[in-house]
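Each chain, letter by letter, is given below.
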Amino acid sequence: MSQLIYLDNAATTQVYPEVVEAMIPFFTEHYGNPSAIYSFAGEAKKAVDEARRILAKGINGKPEEIYFTGGGSESDNWALKATAEAYADKGKHIITTKIEHHAILHTAEYLEKKGFEITYVNVDENGMVKLDELEAAIRPDTILISVMAANNEIGTIQPLEEIGRIAKEHGVLFHTDAVQAYGHIPIDVENMNIDMLSASGHKLNGPKGIGILYIRKGVKIRSFIHGGAQERNRRAGTHNVPGIVGFGKAAELAFNSMNERIAYETKLRDYLIERITNEIPYTRLNGDPVKRLPNNANFCFRFIEGESMLILLDQQGICGSSGSACTSGSLDPSHVLLAIGLPHEIAHGSLRLTLSEKTTKEDIDFTVDQLKKIIERLRSMSPLYEDFVKKQGN
């Protein structure tokens, strides 16, 4: 493979050299446990406090409202399960959407088995939550609304401010899974009335295995992992100091360059979308054309099976992903694509390409040129496409 074009940044990102550099001393020099009382542990504790400050500042939160976790999935689980437990006396009804990440949906299913009732609100054809349906779903026993900030597959950015306003007016807690959005687009927990927010380090050029759950002061949420007194008695376990430092450094870099990255990635993303939709027939752009993550482009190609497309792209050194779950042993297409109204046969032919600030126009041109050949090749082997072309000619 002569080159690698990595266009799967929604799955994970490269850890930047500055982030690695910031982490290394906490493996080798300042390796003390920040919970210890001796002075040697002081450097580790100071570094954890500084990272907490940076991570809070980026969303207009307070340092004491940031709790470190093992990643986005743990944060999502904690938000839903601990809220359900803490507020069960008030009610057992939770509202979410049909396009959430499985860390939310599978946790919701778990809670249903425990006697909670979950309402899954619909989205429109662009993946935007239906606010009237969301508000109409609120009942006296509703304790939590959980809506992702931006969708991990199709990139649609949800109206967090409006959702937060609705939740506050009805006295319901509001959690957002911001794993794809944190550090990529502006989020203000105060203006948006967000009570809890999940984020993960490896989505913004930080290390894997570290996340946060923002919990607004006053929210009655209990421990998720029991043991020691770390994280103000709310999340037991020795701090992952290098991971915390790395997440903090990555967030600092992300927030400092956010406006420039948004402008660069949006321009490149729109160029990618324009080329693909103009040059490859029978192609659909999935997600909102404007209110979408700066680096996200998601397409469906008719008469194509997603996994074959990914394999052929990989042979050209291009990394992308498919919304179809067939790569994990299931033939079911993406629940997100089905929720926006796509039929199974079209949803199976999906491709998600997610850029970074290091992606170049040359990368995009090479990718589109190869993709055109791949689509043409796969369609030439499709009897469905052959029948379609014949009918078009009649």
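Quick note: structure is the one above.
The structure presented is a predicted model; accordingly, all values stated were derived computationally and were not measured.

**Focus on the sheet that holds strand β12 (residues 350-354)**
Stage number 1. Here we have three strands laid out as an open sheet, ordered β9-β10-β12, and antiparallel in their pairing. Bordering the open sheet on either side are β9 (283-286) and β12, each of which pairs with just one other strand. Taken pair by pair, the neighbouring strands of this sheet meet at an average axis angle of 25 degrees, ignoring direction.
Stage number 2. As defined by bridge partners, β9 adjoins strand β10 (residues 296-301) across four bridges and the pair is classed as antiparallel. Counterpart to N286 in the pairing with β10 is N298.
Stage number 3. Against the sheet, helix α11 (residues 306-315) engages β10 and β12, with an angle of about 45 degrees to β12.

**Some remarks on helix α14 (residues 361-380)**
Think of an α-helix as 3.6 residues a turn; residues three or four steps apart then line up on the same face.
Stage number 1. If you check α14, its first and last C-alpha atoms are 29 Å apart, about what 20 residues at 1.5 Å a residue would give, namely 28 Å.
Stage number 2. Along α14, the residues classified as buried are D363, I364, D365, T367, V368, Q370, L371, I374, I375, L378 and R379.

**A short note on unusual backbone geometry**
Stage number 1. Notably, N60 is not glycine yet its phi reads approximately 65 degrees, a positive angle.
Stage number 2. Relative to the helices and strands, N60 resides in the loop between α3 (42-57) and β2 (66-69).
Stage number 3. Classification of N60 by relative accessible area gives partly exposed; the value is 40%.
Stage number 4. Of note in this structure, R232 is not a glycine but carries a positive phi near 50 degrees.
Stage number 5. Positionally, R232 belongs in helix α8 (residues 230-233).
Stage number 6. You can call R232 partly exposed: its relative accessible area is 37%.

**Side note on a nonpolar patch on the surface**
Stage number 1. Side chains of Y31, Y38 and F40 sit close together on the surface and give an oily, nonpolar patch of about 360 Å² of accessible area.
Stage number 2. Relative to the assigned elements, F40 resides in the loop between α2 (25-28) and α3.

**Thoughts on empty space enclosed by the protein**
Stage number 1. As enumerated under the stated definition, the model contains two cavities of 30 Å³ or more in all.
Stage number 2. In this structure, the largest cavity occupies an estimated 80 Å³ of space.
Stage number 3. Together, N9, T13, Y16, H184, K203, N205, R261, E265, N295, L355, S356 and E357 line the largest cavity.
Stage number 4. Here the lining of the largest cavity is built from residues that sort into two nonpolar, six polar and four charged.
Stage number 5. Its boundaries defined by the atoms lining it, the second largest cavity holds a volume of some 60 Å³.
Stage number 6. Lining the second largest cavity we find N9, A10, T13, V179, Q180, H184, K203, L293 and N295.
Stage number 7. When the residues that make up the lining of the second largest cavity are grouped by side-chain class, the tally is three nonpolar, five polar and one charged.

**Remarks on the packing of helix α9 (residues 241-256) against helix α10 (residues 258-279)**
Stage number 1. One can describe the packing of α9 onto α10 by two numbers: an axis separation of 5 Å at closest approach and a directional angle of 70 degrees. By the criterion of interaxial angle, the relationship of α9 to α10 is roughly perpendicular. From α9, A254, F255 and N256 reach across to α10, where they touch M258, E260 and R261.
Stage number 2. Of the residues assigned to the contact of α9 with α10, the class counts are three nonpolar, one polar and two charged.

**Focus: the pairing of strand β7 (residues 196-200)**
Stage number 1. Of all five residues in β7, five are buried; the element is thus mostly enclosed.
Stage number 2. Across the two faces of β7 the burial is the same, with M196, S198 and S200 and L197 and A199 all buried.

**Side note on the layout of surface pockets**
Stage number 1. Computed from the structure, the second largest pocket encloses a volume of approximately 260 Å³.
Stage number 2. In terms of lining, the second largest pocket is formed by R302, F303, I304, E305, S308, E345, I346, H348, L378, S382 and L384.

**With respect to helix α7 (residues 160-169)**
Stage number 1. Of all the positions in α7, only L160, I163, G164, I166 and A167 are classed as buried. Down the axis of α7, the buried set is contained in an arc of 160 degrees. They therefore lie on one face. Exposed residues pointing more than 90 degrees away from the buried face of α7 are listed as K168 and E169.
Stage number 2. Two residues or fewer after α7 comes G171, characterised by a positive phi angle close to 65 degrees.

**Quick word on the packing of aromatic side chains**
Stage number 1. Tallied over the entire structure, the rule returns ten aromatic pairs.
Stage number 2. Seen in terms of ring centroids, F303 and F388 are 4.9 Å apart; in terms of plane orientation they differ by 40 degrees. Their pairing is tilted. Taken together, the residues span a long stretch of sequence, with F303 in the loop between β10 and α11 and F388 in helix α15 (residues 383-393) at a distance of 85 residues. Residue F303 shares its accessibility class with F388, and that shared class is buried.
Stage number 3. Ring pairing ties together the aromatic residues Y282, F303, Y385 and F388, which thus form one cluster.
Stage number 4. Note that K81 overlies the ring of Y110, its terminal NZ or CZ placed 4.6 Å from the centroid.
Stage number 5. Against the face of F388 rests R302, its NZ or CZ located 5.0 Å from the ring centre.

Procedures and definitions
- Residues numbered from 1 in each chain as written.
- Predicted model: local features only at pLDDT ≥ 70, side-chain atom pairs only at ≥ 80, totals over all residues.
- Heavy atoms only, no water.
- Pairing = 2+ DSSP bridges.
- Helix = DSSP H or I, 4+ residues; strand = E, 2+ residues; numbered from the N terminus.
- Axes fitted to C-alpha atoms, helices over the stretch in contact; angles between N-to-C directions.
- Contact = heavy atoms within 4.5 Å.
- Expected span 1.5 Å × (residues − 1).
- Buried < 20%, exposed > 50% of the residue type's maximum accessible area, 1.4 Å probe, protein only.
- Patch = residues over 30% accessible without salt bridge, like charges linked within 9 Å, V, L, I, M, F, W, Y side chains within 5 Å.
- Areas by Shrake-Rupley, 256 points an atom, 1.4 Å probe, with all protein chains shown as cover.
- Salt bridge = Lys/Arg side-chain N within 4 Å of Asp/Glu carboxyl O.
- 1 Å grid on protein atoms, 1.4 Å probe; cavity = no way out; pocket = protein on both sides within 12 Å on 5 of 7 lines; lining within 4 Å.
- Points joined across faces, edges and corners; volume = space filled by probe spheres on them.
- Nonpolar A, V, L, I, M, F, W, Y, C, P; charged D, E, K, R; others polar.
- Parallel < 35°, antiparallel > 145°, perpendicular 65-115°, else oblique.
- Arc of directions from axis to C-beta.
- Phe/Tyr/Trp six-rings, centres within 6.5 Å; stacked < 30°, edge-to-face > 60°.
- Lys NZ or Arg CZ within 6 Å of the ring centre and 35° of its normal.

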